[in-house]
Amino acid sequence: MAAQLLLMVPALGSFLFTFGTGVELIRFASLRAVLPGGGRPEAIPSVEWGAALRDPRVLRPLAVDLGLVVLFVLQHSLMATAPVKRWTTSCFGVLQRSFYVFCTALALQLLMRYWQPVRHGPLLWNACTEPWDTWVPLICFILHFIAWLVIFSVILIFDYAELMGVKQVYYHCLGMGDPLALKSVRAVRLYSHLRHPVYLEFLLVLWAVPCLSLDRLLLAGLFTTYLSCGHSLDQQDYLYLRAQLDKKFLVFSREEAAYGDLLARNGPAPGKES
């Protein structure tokens, strides 16, 4: 039992590393692009597209950025294929999901650390000038805040402990097997169709920026294509999601009603009295 509990150490380490990567992703994808002084691109006057696309100062960072995105996509996709999953399971056992999540976070860290902004190219749009320099960035910031709030809420609903690989190790220590094997057929079917449950929210984060530079266009375009390829929900999946949401709302309403009845019978807790 003690040896099995030691498996929680790398699982929790992977979880913490992934959590830190998620925080860094917010800075990279939102704060840097929306807030002034955070690395937001500045307009370069009188830059022609033909000259810009022949400029090594534009092509070199775009080539580096393309390689970083391709590296992330290959890691995230190949490690999710059945042969690679079988091989990593044979090597890491119950830590397979934690290892996959760690590698994904590592690839994302490499992308963010070595991303090259294009500082000498034209902007596809620029709303950081008068009279839009206040309202448009503010609206983008609000949209990003709402999108990230929805993203983290959906992750909580979709069992973040299982997504991060911690639940698999916990169930293994208790002798309960794979948690995915305990889920219904409809839930497993949904997971196979919905590899990225926050598809629309990520698209909003990628495109809702006051200034769209060439490197941001590359990032948004490639990830939009990649996320679209992994998004294949059908009517049965939507009906299942609607039923699960209705169940959760019913549970929350029952808990709220039960708490209200408890307060009505016993009064508020002593620590909450004014």
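Here, every reference points to the structure presented above.
What counts and how
- Residues numbered from 1 in each chain as written.
- Predicted model: local features only at pLDDT ≥ 70, side-chain atom pairs only at ≥ 80, totals over all residues.
- Heavy atoms only, no water.
- Helix = DSSP H or I, 4+ residues; strand = E, 2+ residues; numbered from the N terminus.
- Buried < 20%, exposed > 50% of the residue type's maximum accessible area, 1.4 Å probe, protein only.
- Contact = heavy atoms within 4.5 Å.
- Areas by Shrake-Rupley, 256 points an atom, 1.4 Å probe, with all protein chains shown as cover.
- Axes fitted to C-alpha atoms, helices over the stretch in contact; angles between N-to-C directions.
- Parallel < 35°, antiparallel > 145°, perpendicular 65-115°, else oblique.
- Left-handed = near helix turned anticlockwise from the far one by under 90°.
- Nonpolar A, V, L, I, M, F, W, Y, C, P; charged D, E, K, R; others polar.
- Phe/Tyr/Trp six-rings, centres within 6.5 Å; stacked < 30°, edge-to-face > 60°.
- Salt bridge = Lys/Arg side-chain N within 4 Å of Asp/Glu carboxyl O.
- Expected span 1.5 Å × (residues − 1).
- Core = buried A, V, L, I, M, F, W, Y, C linked by side-chain atoms within 4.5 Å.
- Polar contact = N/O pair within 3.5 Å; in protein donor to acceptor, adjacent residues only side chain to side chain.

Observations regarding the overall build of the protein
Part 1 of the argument: When you go through the protein residue by residue, the secondary structure sums to 13 helices and two strands.
Part 2 of the argument: The buried share of the protein, taken over its 274 residues, is 35%.
Part 3 of the argument: By sequence separation, contacts in the protein at least 24 residues apart represent 82% of the contacts at least 6 residues apart.
Part 4 of the argument: Just so you have it, the protein exposes about 16400 Å², and 69% of that area is on carbon and sulfur atoms.

Focus on the packing of helix α11 (residues 199–207) against helix α12 (residues 214–229)
A pair of packed helices can be characterised by two numbers: the angle between their axes and the separation between those axes.
Part 1 of the argument: Between α11 and α12, whose axes approach to 9 Å, the crossing angle comes to 170°. It follows from the interaxial angle that α11 and α12 lie roughly antiparallel. Across the interface between the two elements, Y199, F202, L203, V205, L206 and W207 of α11 pack against R216, L217, L219, A220, G221, F223, T224, L227 and S228 of α12.

Comments concerning the packing of helix α2 (residues 8–34) against helix α6 (residues 96–113)
Part 1 of the argument: Running from N to C, α2 and α6 point in directions that differ by 30°, and their axes come no closer than 9 Å. Classified by the angle between their axes, α2 and α6 sit roughly parallel to one another. At the point where α2 passes α6, the crossing takes the left-handed sense. Facing A11, S14, F17, T18, T21, E24, L25 and F28 of α2, the residues of α6 in contact are S98, V101, F102, A105, L106, L108, Q109, L111 and M112.
Part 2 of the argument: Looking at the contact of α2 with α6 residue by residue, the classes come out as 11 nonpolar, five polar and one charged.

Quick word on the packing of aromatic side chains
Part 1 of the argument: Per the counting criterion, the structure on display carries seven aromatic pairs.
Part 2 of the argument: Considering the side-chain rings of W148 and F202, the 5.9 Å spacing of their centres and the 90° angle between planes classify their relative orientation as edge-to-face. Of this pair, W148 sits in helix α7 (residues 135–157) while F202 sits in helix α11; the two residues are 54 residues apart in sequence, bridging distant segments of the chain.
Part 3 of the argument: According to the relative accessible area criterion, W148 is buried, its value standing at 8%.
Part 4 of the argument: A relative accessible area of 24% means that F202 is categorised as partly exposed.
Part 5 of the argument: Members of the aromatic cluster, joined through ring pairs, are W148, F152 and F202.

Here's the deal with the pattern of salt bridges
Part 1 of the argument: Inspection of the entire model under this criterion finds two salt bridges.
Part 2 of the argument: In this structure, D55 engages R57 in a salt bridge whose closest nitrogen and oxygen atoms are separated by 3.1 Å.

Looking at α12
Part 1 of the argument: A rise of 1.5 Å per residue sets the reference length of α12, with its 16 residues, at 22 Å; its end C-alpha atoms lie 23 Å apart and thus fit the reference within 8%.
Part 2 of the argument: When α12 is considered as a whole, its buried residues turn out to be L214, D215, R216, L218, L219, A220, F223, T224, Y226 and L227.

Concerning the nonpolar core
Grouped burial of nonpolar side chains is what soluble globular proteins tend to show.
Part 1 of the argument: Core analysis: the biggest nonpolar cluster contains 22 residues, and L25, F28, L111, W115, L219 and F223 have the highest contact counts within it.
Part 2 of the argument: Mapped by element, the contributors of at least two residues to this core are α2, α4 (56–78), α6, α7, α11 and α12.
Part 3 of the argument: The contact partners of L25, leaving out residues within four places of it in the chain, are S30, L108, M112, W148 and F202.
Part 4 of the argument: Counting residues in hydrophobic clusters, the runner-up holds 11 residues, among them M79, Y100, M164 and C173.

Structural notes on the side chain of S213
Part 1 of the argument: Locating S213 in the fold gives a position in the loop between β2 (211–212) and α12.
Part 2 of the argument: In terms of polar contacts, S213 uses its side chain to reach the side chain of D215, at 2.7 Å.

Looking at the environment of T134
Part 1 of the argument: Inspection of the secondary structure assignment puts T134 in the loop between β1 (125–126) and α7.
Part 2 of the argument: Overall, T134 belongs to the partly exposed group, its relative accessible area being 47%.
Part 3 of the argument: Along the sequence, T134 and P210 sit 76 residues apart, while their C-alpha atoms lie 10.0 Å from each other.

A few points about the environment of D65
Part 1 of the argument: Following the sequence through the fold, D65 ends up in helix α4.
Part 2 of the argument: C-alpha separation for the pair D65 and L218, spaced 153 residues apart in sequence, amounts to 7.9 Å.
Part 3 of the argument: Among the polar contacts listed, one links the side chain of D65 to the backbone nitrogen of Q116, at a separation of 2.7 Å.

Looking at the environment of F152
Part 1 of the argument: With respect to the element layout, F152 can be found in helix α7.
Part 2 of the argument: Residue classification places F152 among the partly exposed residues on the basis of a relative accessible area of 39%.
Part 3 of the argument: Taking the C-alpha atoms as reference points, F152 and V198, 46 residues apart in sequence, are found 9.0 Å from one another.

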